[in-house]
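Fold and geometry: a report
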Amino acid sequence: MASGGLDRRQFLVTLGTVAAVGVTTATTQPATARAAAGTRAYLGCYTSDGAGGRGIAAATVDSATGRLVVDEVVEVADPSFLAISPDGGRLYAVNEGSGPGSVTAVDLRSSRVLNSVAVQGNGPTHLCVAPDGRAVLTANYGSGSVSVVALSGDGRLGGVTDVVRHSGTGPDPERQEGPHAHQVLFDPSGRWFLAVDLGADAIYVYRLAEGKLNQRARVAMTPGSGPRHLRFHPDGQRVYVANELGSTVTVCRWRADTGELVAGQSIPADMRGGGPRNYPSAPVVSRDGRFLYLANRGRDAIATFAILGDMLIPLASTPCGGVFPRDLTLDPSGRRLYAANQKSNAVTWLTIDPITGLPQGVAGALEIGTPTTVLFA
C-alpha cells in the first residue's frame, strides 16, 4: 500500500492524525471549493517532430466514471500548456516549439482560433491569465524570460508590453547553464505574480502594473534543485515546490500582505530510492488541503503526502498507468486525478479514496498523441 514511505503501523497512525486534522480543515472550506464535476476537458498535445499530437483536444467528461471522449480538435502547434480566461470564454495556449515562441487564443464558444502572437522569447512552456483578464503572461524556458501580452476586450491577443529576463546559473552544466523560466502564476490574492526558474534555482516575485513587471524579490532555492512548478495550499499561506533536478519537494511559507516567500522543509519526491533518475513535474493539493500529490517522471508514479502544518509526510507511491507523467490535474470535484503521460500517448485517471486521500489505481485511459496537460473548464 504505502511503498517506500511509512510501514503499515506508522501509515495507519498517520492517516488517523490526518483525518482528524482534515475534519477541522474541511469545515472551513467555502462552498465554491466543493465544485461539482466538470463536463469539459481540454488536452494539450505536442505536434512537432513526429510527436503524434494534433493540438488541443476538447473532450466531454462522464461525471460518474471520469471517462473522457474527444469530440473536437483545434489544430494549434505544440500547445504544451493551457489557461482559461476569467469568464471561461477563451482558451490560451503557449506554442512551445524549439525556437521563437508564441501564444494562441481560442474562442471556446466557436472553437475558433482568434489569433496568435510572438512572445519575444524562446520555448514558452507555461502561461497564466491575469485575474483582471487584461493580460497573458508566459514563462519562456529557452530564453529564461517572462513575457506580458496584452488582451483586448474580445479576448484577442495584443502586443507584448514587457519582457523580463532572469539571470543566474546552477551546478548542473546541462540544464542550468543559464536561466530557464518554467512556470508563471498569480498568488491566490491576485496581488503578486510568481515565476519559477529551473536554471537559476530561484523563484521571482513580481507586481504587475500597467502591463509592466516590477520585481519584489528573488528567492534562492537549494543549488541544483531545479525548481519546476509550484502549487499554493487552499489557505494561501503555504506553497509546495516540485524540484525537477533534485527530485525533491519543498514546503514554503507565503505572506500575501508583503509578497514574502520563505523556503522550509525539503524531502525526496519519491521515497523508494534506486532505479532510474526521477524528475518530479506537477504538484497538486487536494481540495480540502489534507494531501499533496506529485507526478514523478522516471518512477512513472504519483506520490501522495499528508499535509500536517508546515510538514509533509510521505504516504504512498501509486503507478500512474503511463510513461512520463508531464502533468497532473484534479477534476473539479476533487474525486479523480488525471495524468498526461507524454511518452506513452495516454491520459489516465485514478479515483481518490475520500478517507485516506490515496489514489486507488488506474480507473481508465484515453489514448491520445503526446499529451502534455489537462485543463478542466
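Residues numbered from 1 in each chain as written. Predicted model: local features only at pLDDT ≥ 70, side-chain atom pairs only at ≥ 80, totals over all residues. Heavy atoms only, no water.

Going by what an unreviewed UniProt entry lists, the protein chain is known as Lactonase family protein and is assigned to Nocardia pulmonis. Quoted verbatim from the Sequence similarities (unreviewed entry) field of the UniProt record, the comment on the protein chain reads "Belongs to the cycloisomerase 2 family." (UniProt positions renumbered as here; feature names shortened; annotations may be inferred.)

**Quick word on the overall build of the protein chain**
Per the secondary structure count, the protein chain includes one helix and 28 strands. Out of the 377 residues belonging to the protein chain, those deemed buried represent 57%. In the structure as shown, the protein chain presents an accessible area of about 14,600 Å², 52% of it carried by carbon and sulfur atoms. (Helix = DSSP H or I, 4+ residues; strand = E, 2+ residues; numbered from the N terminus. Buried < 20%, exposed > 50% of the residue type's maximum accessible area, 1.4 Å probe, protein only. Areas by Shrake-Rupley, 256 points an atom, 1.4 Å probe, with all protein chains shown as cover.)

**Side note on the pairing of strand S1 (residues 40–45)**
For S1, a buried count of five out of six residues is recorded, marking the element as mostly surrounded by other parts of the structure. With five bridges joining them, S1 and strand S2 (residues 56–61) adopt antiparallel strand pairing. What sits directly across from Tyr-42, in S2, is Ala-58. (Pairing = 2+ DSSP bridges.)

**Brief notes about the sheet that holds strand S15 (residues 212–220)**
Spatially, S12-S13-S14-S15 is the arrangement adopted by the four strands of the open sheet, whose pairing is antiparallel. Each having just a single partner strand, strand S12 (181–186) and S15 make up the two edges of the open sheet. Shown here is a sheet whose adjacent strand axes are inclined to one another by a mean of 25°, direction ignored. Across eight bridges, strand S14 (residues 202–209) lies against S15 in antiparallel orientation. Within S15, the residue paired with Tyr-204 across the bridge is Arg-218. (Axes fitted to C-alpha atoms, helices over the stretch in contact; angles between N-to-C directions.)

**Side note on the sheet that holds strand S9 (residues 135–140)**
One open sheet accounts for four strands, arranged S8-S9-S10-S11; its pairing is antiparallel. The open sheet is flanked by strand S8 (124–129) and strand S11 (157–165), the only strands paired with a single partner. Across the sheet, the mean angle from the axis of one strand to that of its neighbour is 20°, orientation sign disregarded. With six bridges joining them, S9 and strand S10 (residues 145–151) adopt antiparallel strand pairing. Each residue of the ladder has a partner; that of Val-136, found in S10, is Val-149.

**Remarks on empty space enclosed by the protein**
Across all of its chains, the model carries two cavities of 30 Å³ or more by this definition. Quantified by volume, the second largest cavity comes out at close to 50 Å³. The wall of the second largest cavity is formed by Ser-80, Phe-81, Thr-125, His-126, His-182, Arg-228, His-229, Arg-326, Asp-327 and Thr-372. Contributions of two or more residues to the lining of the second largest cavity are made by strand S4 (79–84), S8, strand S16 (227–232) and strand S24 (325–330). (1 Å grid on protein atoms, 1.4 Å probe; cavity = no way out; pocket = protein on both sides within 12 Å on 5 of 7 lines; lining within 4 Å. Points joined across faces, edges and corners; volume = space filled by probe spheres on them.)

**Here we look at the pattern of salt bridges**
Pairs can form between side chains of opposite charge whenever their charged atoms are close. A full pass over the atoms with the stated rule returns 15 salt bridges. Salt-bridge contacts for Arg-54 lead to Glu-75; the nearest nitrogen and oxygen are separated by 3.9 Å. Residue Arg-54 is found in the loop between S1 and S2, and its partner Glu-75 is found in the loop between strand S3 (68–74) and S4; the two are separated by 21 residues along the sequence. Exposure class is identical for Arg-54 and Glu-75. Each is exposed. (Salt bridge = Lys/Arg side-chain N within 4 Å of Asp/Glu carboxyl O.)

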